[in-house]
Amino acid sequence: EPEVTQTPSHQVTQMGQEVILRCVPISNHLYFYWYRQILGQKVEFLVSFYNNEISEKSEIFDDQFSVERPDGSNFTLKIRSTKLEDSAMYFCASTGTEGNTIYFGEGSWLTVV
Amino acid sequence: AQSVTQLDSQVPVFEEAPVELRCNYSSSVSVYLFWYVQYPNQGLQLLLKYLSGSTLVESINGFEAEFNKSQTSFHLRKPSVHISDTAEYFCAVSERSGGYQKVTFGIGTKLQVIP
């Protein structure tokens, strides 16, 4: 079965540093998403991306966050200047044109120290 | 706006006993419904989904969930749990909108199977 892949699986970074989380969505999918799960809390929507632009974003997705599809296969989430409260599991996801199931990656654990 | 309520944050149950994890949702439009499982230190795995048709859906490892439109519920059940079922279970709802899916998750229910 096709899958969404994410790298790195774990990253530790110092507060104030920039972080880029990478995702390879399923190849024929057109909609891409980032979700976040702070430890012990529920999974929250961050942003969706379609046709090379953001289609929707949540309140969490402030100016410190950006997304990009640089080369037609990767989908990246950048956090410009990390804060302690950015520590979380970040999930990438994608859907195809039939759109009835959203497929999640295994997640990237980000720890900000 | 859509929302999901999982009434139980933790459910302890003895091995081989039945279990029900409750989920209620609200939405003003037709929805897709999902249960995801998260094992310790792992990502989200799709357990089962309701898209349309039969209201009873089953997973390959013995879980089932029934969509009840009148009660806006999608409870997850298993007649006999195993130790390996210990995990956190998330109910999720997605409003239908062509290919675009915005999923809203419940807060999760931790299932602890006791030997």
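Up top is the structure.
We now turn to the structure provided with this report. Because the structure is predicted, anything quoted here is derived from the model rather than measured. (Residues numbered from 1 in each chain as written. Chains lettered and ligands numbered in written order. Predicted model: local features only at pLDDT ≥ 70, side-chain atom pairs only at ≥ 80, totals over all residues. Heavy atoms only, no water.)

### Section: the sheet that holds strand β7 (residues 65-68) of chain A
Residue and element names in this part refer to chain A.
And then number 1: Here we have 4 strands laid out as an open sheet, ordered β1-β3-β8-β7, and antiparallel in their pairing. Two strands in the sheet have a free side with no partner beyond their single neighbour: β1 (5-7) and β7. The mean angle between the axes of side-by-side strands here comes to 20 degrees, regardless of whether they run parallel or antiparallel.
And then number 2: In the sheet, strand β3 (residues 19-24) pairs with strand β8 (residues 75-79) via 5 bridges, with the strands oriented antiparallel. Within β8, the residue paired with Arg-22 across the bridge is Thr-76. (Pairing = 2+ DSSP bridges. Helix = DSSP H or I, 4+ residues; strand = E, 2+ residues; numbered from the N terminus. Axes fitted to C-alpha atoms, helices over the stretch in contact; angles between N-to-C directions.)

### Let's talk about the interface of chain B and chain A
And then number 1: Opposite the 20 residues of chain B that make contact, chain A presents 23 residues.
And then number 2: Summed over both partners, the interface of chain B with chain A buries about 1,900 Å², with 55% contributed by carbon and sulfur atoms.
And then number 3: The largest contributions to the chain B side of the interface with chain A come from B:Leu44, B:Tyr100 and B:Phe105, which together make up 29% of the buried area.
And then number 4: For the pair chain B and chain A, the number of links is 1 salt bridge.
And then number 5: Residue A:Glu56 pairs with B:Lys102 through a salt bridge whose shortest N-O separation is 2.9 Å.
And then number 6: The tally of links between chain B and chain A comes to 6 residue pairs in polar contact (both at pLDDT 80 or more).
And then number 7: Elements that contribute at least two residues to the side of chain B that touches chain A include exactly β5 (31-38), β6 (45-50) and β11 (103-105) of chain B.
And then number 8: Looking at which element gives the most residues to the side of chain B that touches chain A, the answer is β5(B), with 4 residues.
And then number 9: Considering only residue class, the side of chain B that touches chain A consists of 11 nonpolar, 7 polar and 2 charged. (Contact = heavy atoms within 4.5 Å. Buried area = accessible area lost by both parts, 1.4 Å probe. Salt bridge = Lys/Arg side-chain N within 4 Å of Asp/Glu carboxyl O. Polar contact = N/O pair within 3.5 Å; in protein donor to acceptor, adjacent residues only side chain to side chain. Nonpolar A, V, L, I, M, F, W, Y, C, P; charged D, E, K, R; others polar.)

### Remarks on the side chain of B:Asp85
And then number 1: Structurally, B:Asp85 can be placed in the loop between β9 (73-78) and β10 (87-95).
And then number 2: A polar side-chain atom of B:Asp85 sits 2.8 Å from a polar atom in the side chain of B:Lys78.

### Focus on the pairing of β7(A)
Look at any regular strand and the pattern is simple: side chains alternate between the two faces of the sheet.
All names here are of chain A.
And then number 1: Alternating positions in β7 separate cleanly, Phe-65 and Val-67 being buried on one face and Ser-66 and Glu-68 remaining unburied on the opposite face.
And then number 2: Bridge count between β7 and β8: 4 bridges; the pairing is antiparallel. Bridging from a neighbouring strand, Val-67 pairs with Leu-77 of β8. (Buried < 20%, exposed > 50% of the residue type's maximum accessible area, 1.4 Å probe, protein only.)

### A short note on the pattern of salt bridges
Residues and elements named next belong to chain B.
And then number 1: Going through the model one piece at a time under the given rule, you end up with 7 salt bridges over all chains.
And then number 2: The salt bridge involving Arg-77 is made with Glu-66; its shortest N-O contact spans 4.0 Å. Of this pair, Arg-77 sits in strand β9 while Glu-66 sits in strand β8 (residues 64-68), and the two are 11 residues apart along the sequence.
And then number 3: Taking relative accessible area as the criterion, Arg-77 reaches 27% and is therefore assigned partly exposed.
And then number 4: Assessed through its relative accessible area of 36%, Glu-66 is described here as partly exposed.
And then number 5: One salt bridge in this structure joins Asp-85 and Lys-78, with 2.8 Å as the shortest N-O distance. For the pair shown, Asp-85 and Lys-78 are each scored as buried.
And then number 6: Ionic contacts of the salt-bridge type, sharing partners, join the residues Glu-20, Glu-66 and Arg-77 into one network.

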